[in-house]
Amino acid sequence: MYSSSVQACTRVVYKGPESTVITARSMDWKTEINANLWVFPKGIQRNGEIGPLSVKWTSKYGSVIATAWDIATADGLNEKGLVANILWLVESEYPKFNPNEAKQGMSISLWAQYILDNFATVDEAVSYLKDEPFVIVSDYIPGSEKFTTLHLSVSDAQGDNAIFEYINGKLVIHHDPSYVVMTNSPVFEQQLALNEYWKGIPGTIMLPGTNRAADRFVRASYYIQAIPQTNDVRTSTASVFSVIRNCSVPFGISSETEPNISSTRWRAVSDHKNLVYFFETVLTPNTFWVNLKEFDLSEKGKVLKLSLDNFATYSGKANSSFKPSAPFKFLGI
């Protein structure tokens, strides 16, 4: 496990005045993790990609998403201001999927996309998924010996938050508006306990400074409350970017013995209120963004792709750079 490519990320949610809600995340990975941005209109028919027992659905909402290798949705924002983020959690253990039983299943590559396609709020997602209507089915990352172990965070335009983890084969949901930070190991309940300890130590005097997931959790928790509380979108977005950059891992750094430490490859910031999705990669010099309101997300809309291959560089609003494309195929089992 420790010798293979490993993901380690940070996710943080900012809540300011006048319904200002912004979610930021970093994508950390030991080796290059190819990402592209896609726009999906509503009305797309999907299935869970695990065979005859696959969950089937038609997307209710359009979204903009970032992929991992164009085989999975890693991050995204839908037209209702709901954000889904996938992060690594080595402790994850999913239920056993039995193709001979009646319960339906879904490949883990679609987990975040299912959320974006079907729900407008965190409460809707929690209410539906708490009874585990289907099984999440995971598999090895293609070309590696690394089994995919992820947890999922969801935040909405009202500032609500939920964390979905599979521990010992059971779904554990942490649902509370105060759950504004998530990193990697340990499991979320233990992250909260560690953060409680650090709350007793003034952040202006000392904060844990390593790249470890627990330390990033504490720093993100402190700084997201310390930055200016403002409805000025330029200031709030800049402040949130500064927090997620502070919690990023310098490029070129990874650890064979600590699997939750890997270089930051890209960062995304989602403005829930204005439906603007900001993105930056570490190997290109600019931050760019897309305004979801300016795409045709109706059933008549087209699937669009913004290619980030070969260090493609964009600056400012990049809506016009998206091109019609056949949708990528989600990794199945």
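These numbers were taken from a predicted model, which means no experiment stands behind them. (Residues numbered from 1 in each chain as written. Predicted model: local features only at pLDDT ≥ 70, side-chain atom pairs only at ≥ 80, totals over all residues. Heavy atoms only, no water.)

Draft legend 1. Looking closely at the overall build of the chain. Summing up its helical and strand segments, the chain has five helices and 20 strands in all. Within the chain, counting contacts between residues at least 6 apart in sequence, those at least 24 apart form 68% of the total. As displayed, the chain has an accessible area near 13800 Å², and 51% of this comes from carbon and sulfur atoms. (Helix = DSSP H or I, 4+ residues; strand = E, 2+ residues; numbered from the N terminus. Contact = heavy atoms within 4.5 Å. Areas by Shrake-Rupley, 256 points an atom, 1.4 Å probe, with all protein chains shown as cover.)

Draft legend 2. Structural view of the sheet that holds strand 17 (residues 288-291). Across the sheet, seven strands lie side by side as 14-1-2-15-16-17-19; this open sheet has mixed pairing. Only two strands of the sheet have a single partner each, and these edge strands are strand 14 (181-182) and strand 19 (316-317). Across the sheet, helix 4 (residues 213-226) is in contact with strand 1 (10-16), strand 2 (20-28) and strand 14; its angle to strand 1 comes to roughly 15°. On top of the sheet, helix 5 (residues 233-246) reaches strand 1, strand 2, strand 15 (264-271) and strand 16 (276-281); it is set at about 30° to strand 2, its chief contact. (Pairing = 2+ DSSP bridges. Axes fitted to C-alpha atoms, helices over the stretch in contact; angles between N-to-C directions.)

Draft legend 3. Broad picture of the sheet that holds strand 12 (residues 161-167). Taken in spatial order, the nine strands line up as 13-12-11-8-7-6-3-18-20 in an open sheet, and their pairing is antiparallel. Of all the strands in the sheet, just strand 13 (170-175) and strand 20 (323-324) have a single pairing partner and so form its edges. Two elements, strand 6 (residues 63-68) and strand 7 (residues 72-78), share six bridges in a ladder whose sense is antiparallel. Bridging across to strand 7, S63 finds its partner in N78.

Draft legend 4. Structural view of the nonpolar core. Among the nonpolar cores identified, the biggest contains 53 residues, and Y277 and F279 are the most heavily contacted of them. Not counting the four nearest positions on each side in its chain, Y277 is found in contact with L37, V64, A66, D75, G76, L77, A268, V269, S270, F288, W289 and V290. (Core = buried A, V, L, I, M, F, W, Y, C linked by side-chain atoms within 4.5 Å. Buried < 20%, exposed > 50% of the residue type's maximum accessible area, 1.4 Å probe, protein only.)

Draft legend 5. How the structure looks around the pattern of salt bridges. Applying the stated criterion across every chain yields a total of nine salt bridges. Here K329 ties to E49 by a salt bridge, and the two come within 3.2 Å at their closest N and O atoms. With a gap of 280 residues between them, K329 in the segment after strand 20 and E49 in the loop between strand 4 (45-47) and strand 5 (56-58) connect regions that are remote in the sequence. On the accessibility criterion, K329 (59% relative accessible area) is exposed. A residue is classified by how much of its surface remains accessible, and E49, at 21% relative accessible area, is partly exposed. A salt bridge links D131 to K130, with the shortest nitrogen-to-oxygen separation between them at 3.5 Å. The class of K130 is partly exposed, set by a relative accessible area of 48%. In the salt-bridge network here, residues are joined through shared partners; they are R245, R267 and E280. (Salt bridge = Lys/Arg side-chain N within 4 Å of Asp/Glu carboxyl O.)

Draft legend 6. Molecular detail of the packing of aromatic side chains. Scanning all chains against the criterion turns up 21 aromatic pairs. Where W111 meets Y166, the ring centres are 5.8 Å apart and the plane angle is 50°; that geometry is what we call tilted. Highlighted residues: W111 in helix 1 (residues 111-118) and Y166 in strand 12, separated in sequence by 55 residues. Taken together, the ring pairs in this structure connect W57, Y114, F119, Y128 and F134 into an aromatic cluster. A cation over an aromatic ring shows up here: R46 above the ring of F40, its NZ or CZ 4.6 Å from the ring centre. (Phe/Tyr/Trp six-rings, centres within 6.5 Å; stacked < 30°, edge-to-face > 60°. Lys NZ or Arg CZ within 6 Å of the ring centre and 35° of its normal.)

Draft legend 7. Looking closely at the layout of surface pockets. Volume-wise, the second largest pocket comes out at about 280 Å³. Lining the second largest pocket are 15 residues, with E32, N34, A35, L308 and F311 positioned closest to its centre. Residue composition of the lining of the second largest pocket, grouped by class: eight nonpolar, four polar and three charged. (1 Å grid on protein atoms, 1.4 Å probe; cavity = no way out; pocket = protein on both sides within 12 Å on 5 of 7 lines; lining within 4 Å. Points joined across faces, edges and corners; volume = space filled by probe spheres on them. Nonpolar A, V, L, I, M, F, W, Y, C, P; charged D, E, K, R; others polar.)

Draft legend 8. Geometry of unusual backbone geometry. Although it is not a glycine, S19 sits at a positive phi angle of roughly 60°. The residue S19 is located in the loop between strand 1 and strand 2 in this model. When its relative accessible area of 53% is taken as the criterion, S19 is described as exposed. Although it is not a glycine, E132 adopts a positive phi angle of roughly 50°.

Draft legend 9. Expanded view of helix 4. Compared with the 20 Å implied by 1.5 Å per residue over 14 residues, the 20 Å span of helix 4 between its first and last C-alpha is a close match. Most of helix 4 sits out of view: ten of its 14 residues are buried. (Expected span 1.5 Å × (residues − 1).)

Draft legend 10. Region of the structure containing the confidence of the model for the chain. Per-residue pLDDT for the chain has a mean of 88; in total, 90% of the residues score no lower than 70. Low confidence marks residues 1-6, where pLDDT is under 50. Its contacts with residues over four positions away, or in another chain, come to 21 contacts. (pLDDT = per-residue confidence, 0-100.)

Draft legend 11. Expanded view of the pairing of strand 13. By the bridge criterion, six bridges tie strand 12 to strand 13 in an arrangement that is antiparallel. Residue pairing in the sheet places Y166 in a bridge with L171 of strand 13. Here strand 12 hands over to strand 13 after two residues, with N168 in that stretch at a positive phi of 55°.

Draft legend 12. Fine view of the environment of Y179. Mapped onto the elements, Y179 comes out in the loop between strand 13 and strand 14. With sequence-adjacent residues up to four places away left out, Y179 is seen in contact with R11, N161, H174, F188 and L192.

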